[in-house]
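# Per-entry structural report
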Amino acid sequence: MRFARSTALLPLLYVSCPAGAAEREALFVSPRAAGRGDTFVAAFDSNEATRLNPATLAESRSTFQLRFLQFDGIVGQNSMDTMSDLMNMGSVDDGLGFLRSFDDKFGKRQYLRGQLSALSMRIKSFEVQLFGTNASWLELRDPTTPQAEFESDTMAGVQFSYARPLGSQLILGATFRPMYRLYIHGQMSFTDIVEFVPPSATEFDDYAPLQSGQGYGGDLGLIWRPKPALRLGVTVQNVGDTAFENSDKTKTPPKLESVVSAGGLYRMKFGAWDLDLSAEMRDLMNRQGLNLTRLLHAGAEFGRSFYGKDHDVGATAGVREGYLTAGAFIDAWAFRLDISNYAVELGETPGQRMDRRWAGTLQSTMSF
């Protein structure tokens, strides 16, 4: 049994994370916002208000709304290429030939992310949402001594959000989020693999310990509307850093750091259609010390409403960390579909290590 397990780990020989790579991960990824350059700080109210800027809940026109299911899937282009190679592995004559087919994947991130909301309920400007997320990645490289580094981050909990106007121009919103986190981050070299060969007592947990704990986090959002067409916003995600607790201090997951962002949106009317232009600065504190060009986001959304308060159909485009983004969406009342393509930077500056991804949302909604 141990030999079978160690054999299953052989593909990890070529997995690693290059030193210095950094990705600005978020608790949630919005496929729709990703298509418009990942801008959301000053957006209008939508079904994702509790995940983006909770202040927009005060603009809700729904007396009661139920979203029975929302699934967001994000997959990296490198992962799609790898899956394609796996499906075609029958055309390779031997195992070495199969490994050689992965030569072009060294130094690239294999990324998968899934987000699930089994139920969301909104009553005017209050909303509660059950959620679960998992983001996992591997990276391939071929150094002198092959090594492996990998991560899997799973969170599940519930969000309580509320918003209220402060006069005619200001709106303030807040989210409280109790949740549980399972976190694995590990690395191993080629020589570490032999430690799994019988009669060794080495366990996988020795290289990638499972960290878990209960945490309580929250967000704040502010919207200022000096004119009907102009909106300025500020969000604070993971206020004060979200810490997790475990009776075993050595197995406590890392904190989720606070992210303060500011931006604006301007709406232009073209008959029944709207063109929303938005720009923002993400993570004003920049505790990771990233190049400032990676913090700039800009985007546009062209859409119109047929029966709802939000755009029911539209297309998006933008620039995120120096890379172009694009997407489209349609809301048919009973269900909603979003799809987008965007990229993140894994290196120091834009253009160094691009990782392009596809994102999609399937959602069912009932409003009154």
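Going by the structure above, here's the rest.
All of these numbers come straight from a predicted model, not from anything done at the bench. (Residues numbered from 1 in each chain as written. Predicted model: local features only at pLDDT ≥ 70, side-chain atom pairs only at ≥ 80, totals over all residues. Heavy atoms only, no water.)

## A few points about the packing of aromatic side chains
- Taken as a whole and assessed by the stated rule, the structure comprises three aromatic pairs.
- Between phenylalanine 28 and phenylalanine 131, the aromatic rings sit 5.2 Å apart at their centres with planes inclined by 75°, giving edge-to-face as the arrangement. Taken together, the residues span a long stretch of sequence, with phenylalanine 28 in the loop between α1 (2-8) and α2 (31-35) and phenylalanine 131 in strand β3 (residues 126-139) at a distance of 103 residues.
- Note on phenylalanine 131: relative accessible area 5%, which makes it buried.
- Both rings, one in tryptophan 273 and one in phenylalanine 302, keep their centres 5.2 Å apart while their planes meet at 10°; by these two values the pair is stacked. Residue tryptophan 273 is located in strand β10 (residues 273-281), and its partner phenylalanine 302 is located in strand β11 (residues 296-304); the two are separated by 29 residues in the primary sequence.
- Residue classification places tryptophan 273 among the partly exposed residues on the basis of a relative accessible area of 29%.
- Between the NZ or CZ atom of arginine 32 and the centre of the ring of phenylalanine 329, over which it lies, the distance is 4.6 Å.
- In this arrangement the basic side chain of arginine 304 is found over the ring face of phenylalanine 306, its NZ or CZ atom lying 4.0 Å from the centre. (Phe/Tyr/Trp six-rings, centres within 6.5 Å; stacked < 30°, edge-to-face > 60°. Helix = DSSP H or I, 4+ residues; strand = E, 2+ residues; numbered from the N terminus. Buried < 20%, exposed > 50% of the residue type's maximum accessible area, 1.4 Å probe, protein only. Lys NZ or Arg CZ within 6 Å of the ring centre and 35° of its normal.)

## Examining helix α3 (residues 77-87)
- Listing the buried residues of α3 in full gives Asn78, Ser79 and Thr82. Down the axis of α3, the buried set is contained in an arc of 100°. They therefore lie on one face.
- On its buried face, α3 is in contact with β1 (64-76), β2 (109-123) and β15 (354-367). (Arc of directions from axis to C-beta. Contact = heavy atoms within 4.5 Å.)

## Re the environment of glycine 35
- You can see glycine 35 is positioned in helix α2.
- Placed 303 residues apart in sequence, glycine 35 and aspartate 338 show a C-alpha to C-alpha distance of 9.2 Å.
- Not counting chain neighbours up to four residues away, the residues in contact with glycine 35 comprise Thr316, Ala317, Gly318, Thr325, Ala326, Gly327 and Ser340.

## Some thoughts on the nonpolar core
- In this structure, Val29, Ala34, Ile74, Tyr111, Ala135, Trp137, Tyr342, Val344, Leu346 and Ala359 together form the largest nonpolar core, which totals 10 residues.
- Within the residue set of this core, elements represented by two or more residues are β3 and β14 (335-345).
- Core analysis: the second largest hydrophobic core is formed by seven residues, Phe131, Met155, Met179 and Phe244 among them. (Core = buried A, V, L, I, M, F, W, Y, C linked by side-chain atoms within 4.5 Å.)

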